[in-house]
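Chains, contacts and geometry: an overview
For reference, the chains in residue letters:
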Amino acid sequence: MSHVLHVIHDLDHSGAATQLRLLTAAAVARGEDVAVASLRRPGPQGERFVAAGVPVIWTAKRFRLDPFAVEALRRLVERRGAGGGLITWDHDSAPLGRILKRLKGAWWAHVHRGGAPPKLTGVDAVIAADLIAAQSAKAVTSAPVTIAPNAYDPSLVPMGDTEKLAARARLRAAGWDIADGAPVVVCVTRIDDAVATKELAWASDLVRVMRPGLRLLVAGDGAGRLACERFAVKAVERGTVEWLGPCDALATLYAAADVVWVGRGAGATPTPAVEAMAAGKPVVMADGPGRETLLPQDTPPAPPVCRIAWNDRPGWAKATMRLLAEPALAAEIGAANAQRVRGSHDLGHTIEAWRAALAMGSRS
């Protein structure tokens, strides 16, 4: 497909925005004609798209079925000429794709990343992030559904102790109290689910009792962030949880971490988990449908139980304390994690899956 317009709710820090940035930046590097339309102000990641050469257009959507947003997108699609298409990335943008398909005959694909799919009447193709998302999409549409797994940034590679100390020095220079010898747990998340994030903060305090000096670094933003910060002030020893907010320096965070936590969410293969595994880190992740494909419990080296119910605080603490107490085991698990995602979640593999999906959809 020669001209593609991607439509997304916003370009705040999220797994969807990260995947979109990786794919469009690679497409621009190959000389392909792609652009991104954001239905809200482009947000903190917008500059990273522009720096990669990806055109970003702010197409303001004021209410659910905004005729002005529909008209703006129609003009963008027509301007891009024949042979183009529209790809929507979330529940907020899907209705616009459906309207343009019905009124103007635009070629339309939708990216389904987990949870209940939106209404997909008339869609030409669906691109699912994992098997669970693919199955839920197939329940509501007869269009071709292709799995294109979440990719990781190629710059994320396993690093050793020297890089860990350097990363912690950079965090201290940025104003965060992270000692060289402190146990460090990193959680990268969009803080929309305040209840689940509070559970992780509470679990970190259990670990802190056994491992004084522990730091839980939470990178992310969302509607629940203020409530989580207020909760941590009251329930957790001061300084245990550091709320970093939106963060572009994920490579530094993963390098500084001893363990990475991935909380509750809709996807079976959440982007932070894939990224942390690519960085060679042991991951403790909230259990959920399909997540055993990314983080099996029974593969060598036999790890502590690393998929845990999102609200099992003692379980999170127990798994984390074992990884902190046995650095050789943690390093072995981290190396196995990196190997596991290298073949199935590298960017080249995901790009090929996307090409196959778009080709199949254009023939349907």
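Parameters at a glance
- Residues numbered from 1 in each chain as written.
- Predicted model: local features only at pLDDT ≥ 70, side-chain atom pairs only at ≥ 80, totals over all residues.
- Heavy atoms only, no water.
- Axes fitted to C-alpha atoms, helices over the stretch in contact; angles between N-to-C directions.
- Helix = DSSP H or I, 4+ residues; strand = E, 2+ residues; numbered from the N terminus.
- Parallel < 35°, antiparallel > 145°, perpendicular 65-115°, else oblique.
- Left-handed = near helix turned anticlockwise from the far one by under 90°.
- Contact = heavy atoms within 4.5 Å.
- Nonpolar A, V, L, I, M, F, W, Y, C, P; charged D, E, K, R; others polar.
- Pairing = 2+ DSSP bridges.
- 1 Å grid on protein atoms, 1.4 Å probe; cavity = no way out; pocket = protein on both sides within 12 Å on 5 of 7 lines; lining within 4 Å.
- Points joined across faces, edges and corners; volume = space filled by probe spheres on them.
- Core = buried A, V, L, I, M, F, W, Y, C linked by side-chain atoms within 4.5 Å.
- Buried < 20%, exposed > 50% of the residue type's maximum accessible area, 1.4 Å probe, protein only.
- Polar contact = N/O pair within 3.5 Å; in protein donor to acceptor, adjacent residues only side chain to side chain.
- Salt bridge = Lys/Arg side-chain N within 4 Å of Asp/Glu carboxyl O.
- Expected span 1.5 Å × (residues − 1).
- Arc of directions from axis to C-beta.
- Right-handed = clockwise from strand over helix to strand, strands pointing away.
- Phe/Tyr/Trp six-rings, centres within 6.5 Å; stacked < 30°, edge-to-face > 60°.
- Lys NZ or Arg CZ within 6 Å of the ring centre and 35° of its normal.

What follows deals with the packing of helix 7 (residues 194-210) against helix 8 (residues 225-235). Following both chains from N to C, one finds helix 7 and helix 8 inclined at 25°, their axes separated by 10 Å at the closest point. Judged on the interaxial angle alone, helix 8 and helix 7 are roughly parallel. Considering the relative orientation of helix 7 and helix 8, their crossing is right-handed. Along the contact surface, helix 7 presents Ala194, Thr197, Lys198, Ala201, Trp202 and Asp205, while helix 8 presents Ala227, Cys228, Phe231 and Ala235. Partitioned by chemical class, the residues of the contact of helix 7 with helix 8 number seven nonpolar, one polar and two charged.

Next up on the list: the sheet that holds strand 1 (residues 3-8). Spatial ordering of the open sheet is given by 3-2-1-4-5-6-7, a layout of seven strands whose pairing is parallel. Each of the sheet's edge strands pairs with one partner strand only, and the pair in question is strand 3 (56-58) and strand 7 (145-147). Averaged over all neighbouring strand pairs, the angle between strand axes comes to 25°, with direction disregarded. Helix 4 (residues 94-104) rests against strand 4 (84-88) and strand 5 (108-112) of the sheet, and its axis sits at about 160° to strand 5. Helix-sheet contacts for helix 5 (residues 131-138) involve strand 5, strand 6 (125-128) and strand 7, and the interaxial angle to strand 7 is about 175°.

Here the focus is empty space enclosed by the protein. The tally for this structure, following the rule as stated, stands at three cavities of 30 Å³ or more. One number sums up the size of the second largest cavity: a volume of about 70 Å³. As for the second largest cavity, its lining consists of 13 residues, of which Val111, Arg113, Ala148, Asn150 and Trp354 are closest to the centre. For the lining of the second largest cavity, the elements supplying multiple residues, two or more each, are helix 1 (15-29), strand 6 and helix 13 (347-363). Of the residues assigned to the lining of the second largest cavity, the class counts are nine nonpolar, three polar and one charged.

This paragraph deals with the sheet that holds strand 8 (residues 184-188). One open sheet holds the six strands; their spatial order is 10-9-8-11-12-13, and the pairing between them is parallel. With one partner strand each, in any of the chains shown, strand 10 (241-245) and strand 13 (307-308) form the two edges of the open sheet. Contacting strand 8, strand 11 (259-262) and strand 12 (283-286), helix 10 (residues 271-278) runs over the sheet at an angle of about 165° to strand 12.

Turning our eyes to something else, we now look at the nonpolar core. Counting residues in each nonpolar core, the largest one holds 32 residues, and the members touching the most others are Val186, Leu217, Leu253, Tyr254, Val260 and Val283. Ignoring anything within four residues of it in the chain, the contact list for leucine 217 reads Leu171, Ile178, Val184, Val185, Val186, Cys187, Glu242, Leu244 and Leu253. Of all hydrophobic cores here, the second largest spans 30 residues; its members include Val185, Val259, Trp261 and Val284.

A few words on the side chain of aspartate 124. Mapping aspartate 124 onto the fold places it in the loop between strand 5 and strand 6. A polar contact is formed between the side chain of aspartate 124 and the side chain of lysine 101, at a distance of 2.9 Å.

So, on to the pattern of salt bridges. Evaluated as defined, the whole model comprises 23 salt bridges. When the shortest N-O distance is used, the salt bridge between arginine 30 and glutamate 32 registers 2.9 Å. Connected via shared salt-bridge partners are Arg30, Glu32, Glu352 and Arg355.

Time to look at helix 6 (residues 161-173). In this model helix 6 runs 18 Å from its N-terminal to its C-terminal C-alpha over 13 residues, within 8% of the 18 Å that 1.5 Å per residue would give. Of all the positions in helix 6, only Lys164, Ala167, Arg168 and Leu171 are classed as buried. Down the axis of helix 6, the buried side of the element spans an arc of 100°, and every buried residue falls inside it. Among the exposed residues of helix 6, those pointing more than 90 degrees away from its buried face are Thr162 and Ala173.

Counting buried positions along strand 4 yields four of five residues, so the element is predominantly enclosed. Here five bridges tie strand 1 to strand 4, and the two strands are oriented parallel to one another. For histidine 3, the partnering residue across the bridge sits in strand 4 and is glycine 84. Of the pairings in the sheet, the one linking strand 4 to strand 5 comprises three bridges and is parallel in character. By the bridge assignment for strand 5, leucine 86 is matched with tryptophan 108. Of the crossover connections in this fold, the one passing from strand 4 over helix 4 to the parallel strand 5 is right-handed.

Moving on: the packing of aromatic side chains. Evaluation of the coordinates by the stated rule reveals three aromatic pairs. Look at tryptophan 261 and tryptophan 316: their rings are 5.4 Å apart centre to centre, the planes differ by 70°, and that puts the pair in the edge-to-face class. Taken together, the residues tryptophan 261 in strand 11 and tryptophan 316 in helix 11 (residues 313-325) connect sequence positions 55 residues apart. Just above the ring of tryptophan 310 sits the side chain of arginine 264; from NZ or CZ to the centre is 3.8 Å. One Lys or Arg, arginine 313, reaches over the ring of tryptophan 202 and ends 3.9 Å from the middle of that ring.

Looking now at the packing of helix 7 against helix 11. At a minimum axis separation of 9 Å, helix 7 and helix 11 run at an interaxial angle of 45°. Here helix 7 is positioned oblique relative to helix 11, judged by the angle of their axes. Considering how the two elements wind past one another, helix 7 and helix 11 form a crossing that is right-handed. Two secondary-structure elements touch here, helix 7 through Glu199, Leu200, Trp202, Ala203, Leu206, Val207 and Met210 and helix 11 through Arg313, Pro314, Trp316, Ala317, Thr320, Met321 and Leu324. Taken together, the residues of the contact of helix 7 with helix 11 sort by class into eleven nonpolar, one polar and two charged.

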